[in-house]
Amino acid sequence: MLIKFWFYGAIYYFVGWGLFLTSSDQLDVTVALGLVIGAVNDLAIGRIFRGMETTRLEYHPYMMVRSISVLGFFCNIAYGVLLSFLVAYFYHFVNLAIIALRHLPETTVPFGAEPVLYGVFMMLFDMALTHLVHFVFRKKEEKPCDSTR
């Protein structure tokens, strides 16, 4: 999970902050971040996880798209864009709440995005969605993990 946090934070540092200098449109930056996150998920993070696995497939629960194919690549891109939008809206709602609670002007941004917290929020949303999807779509013969073993 530290790998995902580091990659997400680094992507925001280079892409998010870099594009904010040239683009004032939040939608463009969010989509670009999602595209890069999806590509990095497929081309770097997934390959690192698969390379560290033994025959027990211990990193499969941490990957949303496990397929190594062109379709898997585009699924990772779509998933990266979805994650990017979720985190962008999370920041937006947190800022709206702070503005309402502190009676600040509507144009202020009291809680701005930065790489460390962006990486943490991306990782939290990624893990929550991944575990939710794996829980909902697990096979009938699979049992939930038993922590007493």
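Look a little higher up for the structure.
A short tour of the structure in this document, coming up. This one's a predicted model, so the numbers in the text were calculated from it and none came from an experiment.

Before going further, it helps to examine the pattern of salt bridges. Taken as a whole and judged by the stated rule, the model has one salt bridge. With a closest N to O distance of 2.6 Å, lysine 4 and aspartate 126 form a salt bridge. Of this pair, lysine 4 sits in helix H1 (residues 2-22) while aspartate 126 sits in helix H4 (residues 115-136); the two residues are 122 residues apart in sequence, bridging distant segments of the chain. This pair shows no difference in class: lysine 4 is buried, exactly as aspartate 126 is.

Let us now look at the packing of H1 against helix H2 (residues 26-52). Taken N-terminus to C-terminus, the directions of H1 and H2 make an angle of 150°; their axes are 9 Å apart at the nearest point. Taken together, H1 and H2 sit at an angle that is classed as roughly antiparallel. The element H1 and its partner H2 pack so that their crossing is right-handed. Its residues assigned to classes, the contact of H1 with H2 shows 19 nonpolar, three polar and one charged.

Take the environment of histidine 131 next. Tracing the sequence through the fold places histidine 131 in helix H4. Histidine 131 sits 47 residues away from serine 84 along the chain, and the two C-alpha atoms are 18 Å apart. In this structure, histidine 131 is in contact with Pro61 and Tyr62, ignoring residues within four places of it in sequence.

For the rest of this paragraph, the subject is the packing of helix H3 (residues 70-102) against H4. One can describe the packing of H3 onto H4 by two numbers: an axis separation of 10 Å at closest approach and a directional angle of 120°. If you check the angle between H3 and H4, you find them oblique. The way H3 lies across H4 gives a crossing that is right-handed. Between H3 and H4, the contacting residues are Tyr79, Leu82, Leu83, Ser84, Leu86, Val87, Phe90 and Tyr91 on the first element and Leu117, Tyr118, Phe121, Met122, Phe125, Asp126, Leu129 and Thr130 on the second. Tallied by class, the residues present in the contact of H3 with H4 amount to 13 nonpolar, two polar and one charged.

The rules behind the values
Residues numbered from 1 in each chain as written. Predicted model: local features only at pLDDT ≥ 70, side-chain atom pairs only at ≥ 80, totals over all residues. Heavy atoms only, no water. Salt bridge = Lys/Arg side-chain N within 4 Å of Asp/Glu carboxyl O. Helix = DSSP H or I, 4+ residues; strand = E, 2+ residues; numbered from the N terminus. Buried < 20%, exposed > 50% of the residue type's maximum accessible area, 1.4 Å probe, protein only. Axes fitted to C-alpha atoms, helices over the stretch in contact; angles between N-to-C directions. Parallel < 35°, antiparallel > 145°, perpendicular 65-115°, else oblique. Left-handed = near helix turned anticlockwise from the far one by under 90°. Nonpolar A, V, L, I, M, F, W, Y, C, P; charged D, E, K, R; others polar. Contact = heavy atoms within 4.5 Å.

Remember that the coordinates give geometry; whether it matters functionally is a separate question.
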